[in-house]
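Structural features, examined
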Amino acid sequence: MTSTPNDNVTSTTTEQQNEPTDDTREEWEIQRDTFKSKADAHYKTKNFREAIAAYTDAISVDDQSHILYSNRSAAYLSNNEKSKALRDAQKCVELKVDWHKGHNRLGSALFSLGRCNEARKAYLESLRLQPEGSNPVASKGLADVRAFEQRRVDRERRQREAVVMEGSACDDGDGVSVKEKKECAPMNVSSASPKDEEDDLLGDFFTSVDDNKLKEEKLKREEIPDVVEGDSSKIKKENADLGTAKDQINRLILTSNHQWKNLNPFYVLDISHTASEDEVARRYKALSLLLHPDKCKEERARDAFEEVRKANSQLSDESKRKHVCDLIKTAMKKGQKEFDQERKRKNGIGLKMEENLESFQRKKVMKVFADIELKRREIEQRKRKHEQREREQEDAEAEKLKKEHEFEMNWKSGNRLSNRMG
């Protein structure tokens, strides 16, 4: 994905410094604008490396020009140096936070790295600063991000359904294999596959994990949901059914394998996947009244409430809710099939139908969410390795250019000295 210096993919013009009509510029301004003009010309002829070098010269003269960082970001992106394009876009926004084109530049760089969540935020901020009708770049960028996300959701759904149909691996009784538990430990993510598979997976990758730096701030801002008068009695009844805050903290945080069970948002809210939207909303309110840190002083209440908040957020999104429901239904059908096969194999001897059917289905549901989480972490690890290799390649290229420049300067210096001596 490339971008031109003026954030318009159909144009080859560049952002211009505000040059006075009468040349009253100081010497350093003239030097800066000369470098910039050279850079713009190189960019138009797609000589991106020379454009980067000239923009760098201009920045060395004026390191407070947001336009120069914006233009160099575009050149970096066109030269497929994505992480450097991102750094310059971030610097551009830092220098002029109210410039909508800087946020467009940031969105382009983030999108090129597959960071769709952040790219969407950048484009939305650009549209906030400059309305849609006069900001086609942000509108198109936002549409591209949403289309990419929808393709990812569709493909991910197909992959998850395929995982369900592949059947269960051996497990230790809770639906998650011992191998998966080891592979999914935070510091023991499985190694990357060959590059061709890695590139395909990276193309599909879309991060949906909450930003840890924002997690605490979000929790502080999260208010206890208002209870509508008509719902009051129903919520009181649900509170009685849910037990105490300590019971819920034990269920969500302290029980074995809770991190796997909590991957299913319906499990977190302790409600059936067939529940209506109103029932889900009431359950969220009831759990919030039990666990919100402002109401509950139990140890780990904050962690338990965060699990509830994330589950409710996921189920509040209609497309995500439907996807989770479809996933659970498919897994339950698979559990039913395996239960029927097992019952047939044993001729019903030793099987309590209701208990065992529920057990088969519960394990299947848990396992499919665990398989998905394994794949997500594996892809995230591959993405990090990919970005690390990209940074190393860029650093190596920069070091090479530096040495070539030093050699050239030394050679010129030596040649001038020889001429003077001659």
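Above this text you will find the structure in question.
Residues numbered from 1 in each chain as written. Predicted model: local features only at pLDDT ≥ 70, side-chain atom pairs only at ≥ 80, totals over all residues. Heavy atoms only, no water.

**So, the nonpolar core**
Residues Tyr 43, Tyr 55 and Leu 106 are the most contacted members of the largest nonpolar core, which totals 37 residues. Where this core is concerned, the elements lending two or more residues are helix H1 (27–44), helix H2 (48–61), helix H3 (66–78), helix H4 (82–95), helix H5 (100–112), helix H6 (116–129) and helix H7 (136–166). Setting aside residues up to four positions removed in sequence, Leu 106 forms contacts with Leu 86, Ala 89, Gln 90, Val 93 and Ala 122. Counting residues in hydrophobic clusters, the runner-up holds 32 residues, among them Ile 253, Cys 296, Ile 328 and Phe 369. (Core = buried A, V, L, I, M, F, W, Y, C linked by side-chain atoms within 4.5 Å. Buried < 20%, exposed > 50% of the residue type's maximum accessible area, 1.4 Å probe, protein only. Helix = DSSP H or I, 4+ residues; strand = E, 2+ residues; numbered from the N terminus. Contact = heavy atoms within 4.5 Å.)

**A few points about unusual backbone geometry**
A positive phi angle is found at Lys 46, which is not glycine, with a value near 65 degrees. Tracing the sequence through the fold places Lys 46 in the loop between H1 and H2. Its identity as a non-glycine residue notwithstanding, Arg 300 has a phi of 75 degrees, on the positive side. For Arg 300, the position within the fold is in the loop between helix H15 (277–291) and helix H16 (301–316). Judged by its relative accessible area of 36%, Arg 300 is partly exposed.

**Some words on the packing of aromatic side chains**
Applying the stated rule across the entire model yields three aromatic pairs. Each ring, one from Tyr 43 and one from Phe 48, has its centre 5.2 Å from the other, and the planes form 65 degrees; the classification is edge-to-face. A single burial state applies to Tyr 43 and to Phe 48, both of which are buried. With a centroid separation of 5.7 Å and 85 degrees between ring planes, the pair formed by Phe 111 and Phe 148 is classed as edge-to-face. Remark: Phe 148 occurs in helix H7 and Phe 111 occurs in helix H5; sequence separation between them is 37 residues. Residue Phe 111 shares its accessibility class with Phe 148, and that shared class is buried. (Phe/Tyr/Trp six-rings, centres within 6.5 Å; stacked < 30°, edge-to-face > 60°.)

Structural measurements only, silent on function.
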